[in-house]
Amino acid sequence: MNIHEKYINRCIQIGENAAPSAYPNPNVGCCIVHEDCIIGEGFTSAYGGSHAEVNAINSVENKDLLKASTLYVTLEPCSHFGKTPPCADLILKYKIPKIYIGIKDPNPKVSGNGIKRLEESGIKVKVGVLSKKCKEHHKIFLTNIKEKRPYIVLKWAESSDSFIAPLKKKITKPVWLSNKYSRQLSHKLRTEFDCILVGSKTIISDNPMLNSRDWYGESPKIAVINKANDLDRNLNIFKTTSEVLIIDKKCIDFNQNIAKQICSYLISKGISRLIIEGGTQTLNTFIKEDLWDEIKVFKSPLEIKEGIKAPKIQLPKTNKKEIIKDNLITYLNN
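Let me sum up the structure you'll find in this document. (Residues numbered from 1 in each chain as written. Predicted model: local features only at pLDDT ≥ 70, side-chain atom pairs only at ≥ 80, totals over all residues. Heavy atoms only, no water.)

## Observations concerning the environment of Glu16
Then, number 1: Looking at the element boundaries, Glu16 is found in the loop between helix 1 (3–15) and strand 1 (29–34).
Then, number 2: Taking the C-alpha atoms as reference points, Glu16 and Asn27, separated by 11 residues in sequence, lie 6.6 Å from one another. (Helix = DSSP H or I, 4+ residues; strand = E, 2+ residues; numbered from the N terminus.)

Now the structure itself:
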């Protein structure tokens, strides 16, 4: 790793602090270096607040050093007025002579304009430092802009014999296959998303709460696919503090590609990160239309022997994590 990669890597570390409050803005990280010493750092503030470059510049005590410093940032500085002024203007104001950028911003409002403006003002600009790692870091933002849909994670728990639920249940509540630590991790995962999507069959048969009660953090909105919009308002999801979005025949055409339409509907509602928790029909709908980015499966040692089959994944495992006797398996859609 060369010196420039070292500082962009530091920017990625800093940028992690921006999630999830920065969304739908990208979680950008920035650092400013003078004579091989970091003199300023910053990450994107909560949505509507200052961008990473502004926070990094503002953190520098001696602003005179900026004229002889190098700025490193994971994503191209903006050049347009949004909720805040252009970051490029502030960089020009302080006459920072060199900038190293992870990746170009695909947003049409920026898309090379920030780089062009800086270069035309005599600033030395280098783009593409640790680009692969920066793309991974900005995967949610890139998916939102390029694919015009939320970043999608499919999640379920399954038994050792690949069932997600028994065929018959005596009570109307979720059947827990995974252990309490896996459930806690599942609730932590929910806090990292804007919205959780399920089908109406899951709501009716399980009557889940779908919140993050076992982990500190904000619970996501709840979206339910319910064509007739006829759910009983006494169900648990309507008793939580989470906003509930009913996706009915007024929202989408159920005779067309359902998953694609749901993506368009939710992105129009400001949903940038979506986790889908079931049931099998809903999960398979998104798998069939190839509209997913990650799959997370909690594999339990329990056997059901007869039940509702889990979706089948014909891909190599990307990652496997042991949680006592459970295993959390992750797949990536490349």
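## Considerations on the layout of surface pockets
Then, number 1: A volume near 1100 Å³ is recorded for the largest pocket.
Then, number 2: Lining the largest pocket are 48 residues; nearest its centre among them are Thr202, Asp206, Glu277, Gly278 and Gly279.
Then, number 3: For the lining of the largest pocket, the elements supplying multiple residues, two or more each, are strand 6 (151–158), strand 7 (163–166), helix 7 (180–190), strand 8 (195–199), helix 8 (200–206), strand 11 (273–278) and helix 10 (280–288).
Then, number 4: Within the lining of the largest pocket, the residues separate by chemical class into 20 nonpolar, 17 polar and 11 charged. (1 Å grid on protein atoms, 1.4 Å probe; cavity = no way out; pocket = protein on both sides within 12 Å on 5 of 7 lines; lining within 4 Å. Points joined across faces, edges and corners; volume = space filled by probe spheres on them. Nonpolar A, V, L, I, M, F, W, Y, C, P; charged D, E, K, R; others polar.)

## Comments concerning the nonpolar core
Then, number 1: Formed by 40 residues in total, the largest nonpolar core has its most connected members in Leu71, Tyr72 and Ile91.
Then, number 2: Of all the secondary-structure elements, those providing two or more residues to this core are helix 1, strand 1, helix 2 (52–59), strand 3 (70–75), helix 3 (87–93), strand 4 (98–103), helix 4 (113–120) and helix 6 (139–146).
Then, number 3: Among residues more than four places away in sequence, those in contact with Tyr72 are His4, Tyr7, Ile8, Cys11, Gly29, Cys30, Cys31, Val33 and Tyr100.
Then, number 4: Counting 31 residues, the second largest nonpolar core, distinct from the first, contains Ile164, Phe254, Leu283 and Ile329. (Core = buried A, V, L, I, M, F, W, Y, C linked by side-chain atoms within 4.5 Å. Buried < 20%, exposed > 50% of the residue type's maximum accessible area, 1.4 Å probe, protein only. Contact = heavy atoms within 4.5 Å.)

## Notes on the environment of Ile287
Then, number 1: Among the secondary structure elements, Ile287 is positioned in helix 10.
Then, number 2: In this structure, the C-alpha to C-alpha distance between Ile287 and Leu71, residues 216 residues apart in sequence, is 42 Å.
Then, number 3: Not counting the four nearest positions on each side in its chain, Ile287 is found in contact with Leu154, Trp292, Pro311 and Ile313.

## Structural notes on the sheet that holds strand 2 (residues 37–43)
Then, number 1: With mixed pairing, 5 strands are arranged side by side in an open sheet as 2-1-3-4-5. Lying at the two open borders of the sheet, with one neighbouring strand each, are strand 2 and strand 5 (124–127). Between one strand axis and the next, the sheet turns by 15° as a mean value, whatever way the strands run.
Then, number 2: Pairing of strand 3 with strand 4, which is carried by 5 bridges, proceeds in the parallel orientation. Directly across from Leu71, in strand 4, lies its bridge partner Ile99.
Then, number 3: Across the sheet, helix 2 is in contact with strand 1, strand 2 and strand 3; its angle to strand 2 comes to roughly 140°.
Then, number 4: Packing against the sheet, helix 4 makes contact with strand 4 and strand 5, and its axis sits at approximately 150° to strand 5. (Pairing = 2+ DSSP bridges. Axes fitted to C-alpha atoms, helices over the stretch in contact; angles between N-to-C directions.)

## A short note on helix 4
Then, number 1: Regarding helix 4, the residues found buried are Gly114, Ile115 and Leu118. With its buried residues spanning 100° around the axis, helix 4 presents them on a single face.
Then, number 2: In this structure, the buried residues of helix 4 make contact with helix 3, strand 4 and strand 5.
Then, number 3: Two residues or fewer past helix 4, Gly122 is found with a positive phi of approximately 90°. (Arc of directions from axis to C-beta.)

## Considering helix 10
Residue pairs three or four apart in sequence face the same way in an α-helix, which turns once every 3.6 residues.
Then, number 1: The complete set of buried residues in helix 10 reads Thr280, Thr282, Leu283 and Phe286. The buried residues of helix 10 occupy an angular sector of 165° when the element is viewed end-on, so they sit on one face. Of the exposed residues in helix 10, those oriented more than 90 degrees away from the buried face are Gln281 and Lys288.
Then, number 2: Residue Asp290 follows helix 10 closely and has a positive phi angle near 55°.

## Describing the sheet that holds strand 10 (residues 244–247)
Then, number 1: Taken together, 8 strands build an open sheet; the order of strands is 10-9-8-11-6-12-15-14 and the sheet is mixed. A single partner strand is all that each edge strand has here, and the edge strands are strand 10 and strand 14 (319–323). Across this sheet, the average inter-strand angle for adjacent strands is 20°, counted without regard to direction.
Then, number 2: Summarising the sheet, strand 12 (residues 294–299) and strand 15 (residues 326–332) pair through 6 bridges and their orientation is antiparallel. For Lys296, the partnering residue across the bridge sits in strand 15 and is Thr330.
Then, number 3: Together, strand 6, strand 8, strand 11, strand 12, strand 14 and strand 15 form the strand contacts of helix 7, whose direction differs from that of strand 12 by roughly 160°.
Then, number 4: With respect to the sheet, helix 9 (residues 258–268) is in contact with strand 6, strand 8, strand 9 (221–225), strand 10 and strand 11, its orientation differing from that of strand 10 by roughly 145°.

## Side note on the packing of aromatic side chains
Then, number 1: Taken as a whole, this structure holds 2 aromatic pairs when the rule is applied.
Then, number 2: Relative to Tyr72, the ring of Tyr7 has its centre 5.1 Å away and its plane inclined at 45°; by these criteria the two rings are tilted. Here Tyr7, found in helix 1, pairs with Tyr72, found in strand 3; they are 65 residues apart in sequence, far enough to count as distant. The two residues Tyr7 and Tyr72 agree in class, both being buried.
Then, number 3: Judged by centre distance (5.2 Å) and plane angle (15°), the rings of Tyr72 and Tyr100 are stacked. Residue Tyr72 is located in strand 3, and its partner Tyr100 is located in strand 4; the two are separated by 28 residues in the primary sequence. (Phe/Tyr/Trp six-rings, centres within 6.5 Å; stacked < 30°, edge-to-face > 60°.)

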